[in-house]
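Topology and contacts: notes
So the chains spell out like this:
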Amino acid sequence: MNNALGMPQTAVVLGGTSDIARSVMRALAARRMRHVVLAGRDEAGLEGAAKELKALGVASVETITWDVIDEEAHTALAQDVAGRMGQVDLVLVAVGVLGNQDVCESDPSATASVLSTNFTGLAAAMVAFAQILRSQGQGRLVVLSSVAGVRVRRSNFVYGASKAGLDAFAQGLAEALRPTGAGVTIVRPGWVATRMTAGRSPAPMATTPESVAADIIRGLERRADVVWSPASLKVLFAVLRLLPKSVWRLVPG
Amino acid sequence: MSEPKEGSFSSPNMPTGVPTTHQILTGWGRTAPSAAEVARPSKPEEVQQVLAAAASAGRAVVARGLARSYGDAAQSAGGVVLDTTAMNAVHDSDLEAGWVRVGAGASLDALMRSLVPKGWWVPVTPGTRYVTVGGAIAADIHGKNHHRDGSFCSHVRSLTLATPTGTREITPENDAELFWATAGGMGLTGIVLEATIQLLRIETAYMLVDTERATDLEDTMARMTARDDEYRYSVAWIDCLARGRRLGRAVLTRAEHADLANLSGSCAADPLAFDPRVLLEVPVTPPGGLLNPLTVAAFNEMWYRKAPRWQAQKPETLASYFHPLDALGSWNRLYGSRGFVQYQFIVPFDAEDALRVVLERVSNARTASFLAVLKRFAEANPGPLSFPSAGWTLALDIPAGSPGLGNMLDELDVVVAEAGGSVYLAKDSRLRPELLGAMYPRLDEWREARNRVDPDCRLTSDLARRLGLVEQGVAPRQFRARRGNRPRSTAGAHR
Ligand SMILES: Cc1cc2nc3c(=O)[nH]c(=O)nc-3n(C[C@H](O)[C@H](O)[C@H](O)COP(=O)(O)OP(=O)(O)OC[C@H]3O[C@@H](n4cnc5c(N)ncnc54)[C@H](O)[C@@H]3O)c2cc1C
């Protein structure tokens, strides 16, 4: 059960090898995590993440090989997970690829692949888990969105659009779940130094998975609807959103 | 892709034969919400009907009284919650011998309003009148008179318990095991339908209160140890924001029921008048709350200074001595939308150091803790999960949004457990399950008793799930801890 301070005891991670997800789970392991299911494509990577959580004292950690674009598999996964842990306190939605913008711009299937991984497939998976949380009457979906979707930019608009779609979907789902006892927290990190961004030059106000994780934990504690990480991005983007196009083009990042 | 429509959710229908509504529930602390189907039966048969329907639908069930427990005890996510408050009739009474037989949903407030004018008082009252008899039994509540009179269930002569395996009438004599498992069993042995309660004779609706100020923790404890036994009621209000030399400074208020001879003037004209009012209702929840370290520190300081250094035999109404907070309706809203937690624990008399450590930590953390309540408990009753036992108990309220609160309380739990103490489940909303066994070493004995009447573990609350209280297939009998007073050993509890 989620306790009074928003701390879950069970969790399923969609995209169990994500750097941010792993940081979040490490932090939660130190609090009161007892049962974790890591789902994802990269079997070896999941095993590594599972081993780490066990070493941190989580009593039961399991891995399930699962692909977000296999929409047929989502309901089975959700039900399997619910069966294993009784109550699913936290669904950490951390699947995401950056994609290669240049390739995407000339290759329809590359674009479709980014969108289905980051948005359509993932939204379908969220529907399956939302169904579980509804009937439980409690539990929280934490969705890793991105500021890239808040105002899409020329240099990564395919990724940005996928996150914009995911973010909007999560906002709607949050409203739909409001009367059910379940909740949704949308996380909008800025530029995070992870494997996904390795080799790219950091944008201004770059952050780390650990500090995003810390912001997410604080967000759980207050059952937040939205977590900006770092928090100052909230104000920054309120301004950036209003910039005329001609000025926005000149903003670095 | 199918987008869920707004508000498309309707709870899966569960035909219970009794109307239900889908509600999101929390305890008094307004934290950890969860949704359930709420049924409000008005007769025992309806309770059995709901229990049967829940069983066939595979849903969890738990009772809910007036929801004055702070955490998640009276809610069950995705399950069925039995609101008992319609079962509040007085079934029988003998006002010569001083007992009443009431529906478990009757509030102590209602009982007091009908009994005080007739010269009777409840044997044990908590700091609010707005609890039900069922809730008082399930938490085996204590008052300011534990050192003299013990806890609530020591005054319950018999009760009717509806369980998934049938309804039975139990007494401490005919089924001691189940009776004492129900006392403090947090609703997890069944639904109490009715109970017979022994009352206390009073001549007036007034208290004679002695007030004194203590300058620090040592002084507070010394004064209580020396003279508590001279009073039926005793409590110390500690300023937990006081630090250094003032750590643990407190105002002690100890009292007896006033006799007729003690009254004069208008009080004497109508000595048993009892009509306490809610003077003010907090109408809305200010999102951030109104209680922050500054406002609370100012309040605590003012309150300490305004208390008399020493004052004897001051007549006060029952309500003003026992239930001062009840005059402010819905005061829990003052803590804002994030709610608050109450941390109440006990440590044995030889573990005063742990009490000091906890108070130091809380005071140093500068959280917005209002006055904390310190009491002394006498020996425990036989209930395996009953909270009170010989020692000191401290209760303090803290806003849930206080930075670092989760980690601090987790650490305090270890201090308490290592001292051989425990936290009070009726107040708990965040304990880790790993410490439960150390705090309640007779847990398996209790589980065995409850599993006898609920082998499929249908009776389950969010509290029970969070702490792993209810489990099938409990360790066999010979391994259980010794009976009688709860052994305070924590061997093997921490690594
Ligand atoms: C301001 C304030 C002061 C308090 N002071 C004290 C105090 O001094 N001492 C003390 O001991 N406690 C105190 N409490 C706590 C309170 O007395 C207990 O939490 C009590 O259980 C609340 O009763 P309720 O009817 O509100 O029960 P709820 O909170 O609705 O339920 C509490 C538990 O009782 C169970 N339950 C309720 N009815 C039944 C039933 N008919 N059959 C079986 N189980 C049932 C529920 O399942 C749940 O586990 C205080 C609470 C507040 C808000």
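Every chain is numbered independently, its residues counted from 1 as its sequence is written. In the order they appear in the text, chains get letters beginning with A and ligands get numbers beginning with 1. In keeping with the model being predicted, local features are shown solely for residues with a pLDDT of at least 70 and side-chain atom pairs are shown and tallied solely at 80 or more, while totals for entire chains, interfaces and linings include all residues. Heavy atoms throughout the structure, all of them, feed into the side-chain values; hydrogens and water do not.

Some remarks on the overall build of chain A
Per the convention used, a helix needs a DSSP run of H or I reaching at least four residues, while a strand needs a run of E reaching at least two, with both numbered from the N terminus. The helix and strand tally for chain A stands at nine helices and seven strands. With the principal axes as the frame, chain A shows a C-alpha extent of 55 × 35 × 35 Å. Taking contacts inside chain A between residues at least 6 apart in sequence as the whole, the part at least 24 apart equals 72%. When the accessible surface of chain A is totalled, it reaches about 10,200 Å², and 55% of it is carbon and sulfur. For the purpose of charge, His is not counted, nor are the chain termini; Lys and Arg are scored as positive and Asp and Glu as negative. Just so you know, the charge point we use is NZ for Lys, CZ for Arg, CG for Asp and CD for Glu. Side-chain charges of chain A comprise 26 positive and 21 negative groups, with the mean position of each set lying 9 Å from the other. Throughout, a contact is declared for two residues whenever any of their heavy atoms are within 4.5 Å. Computed with the Shrake-Rupley method and a 1.4 Å probe, the accessible areas treat only the protein chains shown as cover for residues.

Observations regarding the sheet that holds strand E6 (residues 99-103) of chain B
Residues and elements named next belong to chain B. The sheet built from five strands is open, its strands ordered E5-E6-E10-E8-E9 with antiparallel pairing. The open sheet has two edge strands with one neighbour each: strand E5 (90-94) and strand E9 (166-170). Here the strands of the sheet are splayed against their neighbours by 10 degrees on average, with no regard to which way each runs. Strand direction decides the pairing type here: E5 and E6, joined by four bridges, are antiparallel. Looking at E6, one finds that Ser93 is bridged to Val100. Two strands form a pair only when DSSP identifies at least two bridges running between them. Whenever a helix is involved, its axis is fitted only over the stretch in contact; in every case the axis is a line through C-alpha atoms, and angles between N-to-C directions fall within 0 to 180 degrees.

Some points on the site of the ligand
Residue and element names in this part refer to chain B. Surrounding the ligand, one finds 35 residues, the nearest of these being Ala63, Gly65, Arg68, Ser69 and Thr132. Whenever two N or O atoms come within 3.5 Å, that pair is a polar contact, provided that in protein one can donate a hydrogen and the other can accept it, and provided that, for residues adjacent in sequence, both atoms are side-chain atoms. The contact in question runs from an oxygen atom of the ligand to an N or O atom on the backbone of Gly65, over 2.7 Å. Between an oxygen atom of the ligand and a side-chain N or O atom of Ser69, the distance comes to 2.6 Å. For this scheme, ten residues count as nonpolar: Ala, Val, Leu, Ile, Met, Phe, Trp, Tyr, Cys and Pro. Four count as charged, namely Asp, Glu, Lys and Arg, and the remainder, Gly too, count as polar. The residue inventory of the shell around the ligand, partitioned by class, reads 20 nonpolar, eleven polar and four charged. Taken together, domain 1 (90-201) and domain 2 (206-430) each give at least three residues to the shell around the ligand, which thus spans both. Whether a residue is near a molecule or strand depends on its heavy atoms: it is near if one of them lies within 4 Å of it. The split of the chain into domains comes from an automatic or database domain assignment.

Remarks on helix H1 (residues 19-31) of chain A
Residues and elements named next belong to chain A. Here H1 contains 13 residues, and its C-alpha end-to-end distance of 19 Å stays within 8% of the 18 Å for a straight helix at 1.5 Å per residue. Those residues of H1 lying buried are Ile20, Ala21, Ser23, Val24, Met25, Leu28, Ala29 and Arg31. Sitting at the head of H1, Ser18 places a side-chain oxygen 3.3 Å from the backbone nitrogen of Ile20. By this rule the span expected of a helix is its residue count minus one, scaled by 1.5 Å. A simple rule labels every residue: compare its accessible area, found with a 1.4 Å probe on the protein chains alone, to the largest value its type can have, and call it buried under 20%, exposed over 50%, or partly exposed in between.

With respect to the packing of helix H3 (residues 74-85) of chain A against helix H5 (residues 108-136) of chain A
Residues and elements named next belong to chain A. Put simply, H3 and H5 touch, their axes get as near as 9 Å, and they point 40 degrees apart. By the angle between their axes, H3 is oblique relative to H5. Crossing handedness for the pair H3 and H5: right-handed. Of the residues in H5, those touching H3 at His74, Thr75, Leu77, Ala78, Gln79, Val81 and Ala82 are Gly121, Ala124, Ala125, Ala128, Phe129 and Ile132. Here roughly perpendicular refers to angles of 65 to 115 degrees, roughly parallel to angles under 35, roughly antiparallel to angles over 145, and oblique to all remaining angles. In this scheme the handedness of a crossing depends on how the near helix is turned from the far one: anticlockwise by less than a right angle means left-handed, clockwise means right-handed.

Re the sheet that holds strand E16 (residues 310-317) of chain B
All names here are of chain B. Pairing within the open sheet is antiparallel, and its eight strands lie in the order E16-E12-E14-E13-E19-E20-E18-E21. The open sheet is flanked by E16 and strand E21 (422-423), the only strands paired with a single partner. Summarising the sheet, strand E12 (residues 206-214) and strand E14 (residues 250-257) pair through eight bridges and their orientation is antiparallel. Directly across from Val209, in E14, lies its bridge partner Ala255. Relative to the sheet, helix H10 (residues 352-365) contacts strand E13 (233-238), strand E18 (340-347), strand E19 (372-377) and strand E20 (391-399), its axis offset from that of E20 by approximately 15 degrees.

Here's the deal with the domain arrangement of chain B
Residue and element names in this part refer to chain B. Considered domain by domain, chain B is made up of domain 1 (90-201) and domain 2 (206-430). Domain 1 and domain 2 are separated by 24 Å when their C-alpha centres are compared. By the criterion of area lost to domain 2, the three top residues of domain 1 are His142, Lys144 and His147, representing 26% of everything that side buries. Should a side-chain nitrogen of Lys or Arg be within 4 Å of a carboxyl oxygen of Asp or Glu, the pair is scored as a salt bridge. At the junction of domain 1 with domain 2, the criterion picks out three salt bridges. The interface formed by domain 1 and domain 2 contains 20 residue pairs in polar contact (both at pLDDT 80 or more). Elements supplying a minimum of two residues to the side of domain 1 that touches domain 2: helix H2 (108-115), helix H4 (146-149) and helix H5 (176-182). At four residues, the largest contribution of residues to the side of domain 1 that touches domain 2 is made by H4. Classifying every residue of the side of domain 1 that touches domain 2 gives 13 nonpolar, twelve polar and seven charged. By convention, the term buried area covers the 1.4 Å-probe accessible surface removed from two parts as they join, with the contributions of both added.

Digging into the pattern of salt bridges
It is possible for side chains of opposite charge to pair when their charged atoms get near one another. Taken as a whole, this structure holds 45 salt bridges over all chains when the rule is applied. For the salt bridge of A:Arg154 with A:Glu105, the shortest nitrogen-to-oxygen distance reads 2.7 Å. You can see A:Arg154 sitting in the loop between strand E5 (140-144) and helix H6 (157-177) and its partner A:Glu105 sitting in helix H4 (residues 101-106), a full 49 residues away along the chain. According to the relative accessible area criterion, A:Glu105 is partly exposed, its value standing at 38%. The salt bridge partner of B:Arg361 is B:Glu411, with a shortest N-O separation of 2.3 Å. Pair noted here: B:Arg361 is in helix H10 and B:Glu411 is in helix H11 (residues 405-418), with a separation of 50 residues, a long-range link. B:Arg361 gets classed as partly exposed once you look at its relative accessible area, which sits at 30%.

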